[in-house]
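# Descriptive structure summary
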Amino acid sequence: MKSLKSDRLPEEKIPPRDRIVSTACQLFREHGIRGIGVDAIAEAAATNKMTLYRHFGSKDDLVCEALKHSSQALDKAWVDLEAENPGDPRAQLAAWVEARAHCLSIEPYGCDLANAAVELKEQGHPAHAVIESLKMQQHSRLADLCRSTGVSDPELLADTLAMLLEGARVSKLATGNEGPSMRFTRACEAAMASFGIAPKASS
């Protein structure tokens, strides 16, 4: 079997636990949660299975931590939206659409959380509670942003934009870049326009 050990990062400078989590996140994304085992994760993280289990009691625990890790980039994205468009929630919302469209164009595997929810079908898997919590946190932030724009039904706008994003991700996986997902930005702008938010002016 070809080694999965990655040379992306200076591994010796990263604590073993962090290295295991980030490696697992990437391998789950590329191969699926069921498609990769703890032996391969430990090898790719330049450690061993004993160390992995010392930090995580089970593969399920590692899955949960990897999903939390994958969502951290979204937390930073919200901070960046506010910093780049201070005091202008409508500009922040337009920037959210632009940022999600960019991610949609470059992410080959879709949403880690949504993919995990689909793959882990069994009832009671601990990852489901993590996925639901993280998804609801992100949706709450989007709803708060929609609310701050002053539209009449911010929850409906947030639900609409969230469903357009989730649908676009699935569409891209199913039909590629030339399918309906290519109209994600236009669809979002049409939805926002229906709530009285004008599309971002072209530069």
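Structure's up top.
This write-up is about the structure you can find in this document. (Residues numbered from 1 in each chain as written. Predicted model: local features only at pLDDT ≥ 70, side-chain atom pairs only at ≥ 80, totals over all residues. Heavy atoms only, no water.)

## Concerning the pattern of salt bridges
Let me state the cut-off plainly: By salt bridge we mean one thing: a side-chain nitrogen of Lys or Arg within 4 Å of a carboxyl oxygen of Asp or Glu. Here a strand is any run of E in DSSP of at least two residues, a helix any run of H or I of at least four, and the numbering for each starts at the N terminus. Under the scheme applied here, a residue whose accessible area is under 20% of the maximum for its type counts as buried, over 50% as exposed, and between as partly exposed, the area being computed with a 1.4 Å probe on protein chains only.
Per the stated rule, a full pass over the model turns up 11 salt bridges. We note a salt bridge from Arg17 to Glu65, for which the minimum N-O separation is 3.8 Å. Here the residue Arg17 occupies a position in helix α1 (residues 16–31), and Glu65 occupies one in helix α4 (residues 59–70), the gap between them amounting to 48 residues. Overall, the relative accessible area of 32% leaves Arg17 in the partly exposed class. The exposure class assigned to Glu65 is partly exposed, which follows from its relative accessible area of 23%. The partner of Glu166 in a salt bridge is Arg169, and the shortest N-O contact between them spans 4.0 Å. With Glu166 and Arg169 both in helix α9 (residues 154–175), this residue pair falls 3 residues apart, about one helical turn.

## A short note on the layout of surface pockets
Keep this limit in mind: The rule is simple: put a 1 Å grid over the protein atoms alone, call a set of points where a 1.4 Å probe fits but cannot get out a cavity, call an open set with protein on both sides within 12 Å along at least five of seven lines a pocket, and count a residue as lining if it has an atom within 4 Å of a point. Grid points are joined across faces, edges and corners, and a volume is the space filled by probe spheres set on the points. Gly falls in the polar group here, along with every residue not listed as nonpolar (Ala, Val, Leu, Ile, Met, Phe, Trp, Tyr, Cys, Pro) or charged (Asp, Glu, Lys, Arg).
The volume enclosed by the largest pocket comes to roughly 780 Å³. What lines the largest pocket is a set of 32 residues, and nearest its centre among them are Ser70, Leu74, Arg100, Glu107 and Arg169. Among the secondary structure elements, those contributing two or more residues to the lining of the largest pocket are α1, α4, α5 (72–84), α6 (89–106), α7 (112–119), α8 (126–148) and α9. When the residues that make up the lining of the largest pocket are grouped by side-chain class, the tally is 17 nonpolar, 8 polar and 7 charged.

## Brief notes about the nonpolar core
Inclusion rule: Take the buried Ala, Val, Leu, Ile, Met, Phe, Trp, Tyr and Cys residues and link them wherever side-chain atoms come within 4.5 Å; each set so joined is a nonpolar core. We call two residues contacting when some pair of their heavy atoms lies within 4.5 Å.
One finds Phe28, Ile41, Leu62 and Leu67 to be the most contacted residues of the largest nonpolar core, which totals 29 residues. When contributions to this core are tallied by element, the ones reaching two or more residues are α1, α2 (38–44), α4, α7 and α8. When neighbours within four sequence positions are excluded, Phe28 is seen to be in contact with Ile33, Ile36, Ile41, Lys59, Val63 and Ala66. If you look at the next biggest cluster of nonpolar residues, it comprises 24 residues, including Val97, Leu161, Cys188 and Met192.

## Considerations on the environment of Gln138
Selection rule: Polar contact criterion, stated in full: a pair of N or O atoms within 3.5 Å, where within protein one must be able to donate a hydrogen and the other to accept it, and residues adjacent in sequence count only if both atoms are side-chain atoms.
Locating Gln138 in the fold gives a position in helix α8. Remark: the alpha-carbon pair of Gln138 and Pro154, spanning 16 residues in sequence, is separated by 15 Å. Among residues more than four places away in sequence, those in contact with Gln138 are Leu74, Asp75 and Trp78. Within polar-contact distance, the side chain of Gln138 engages the side chain of Trp78 at 2.7 Å.

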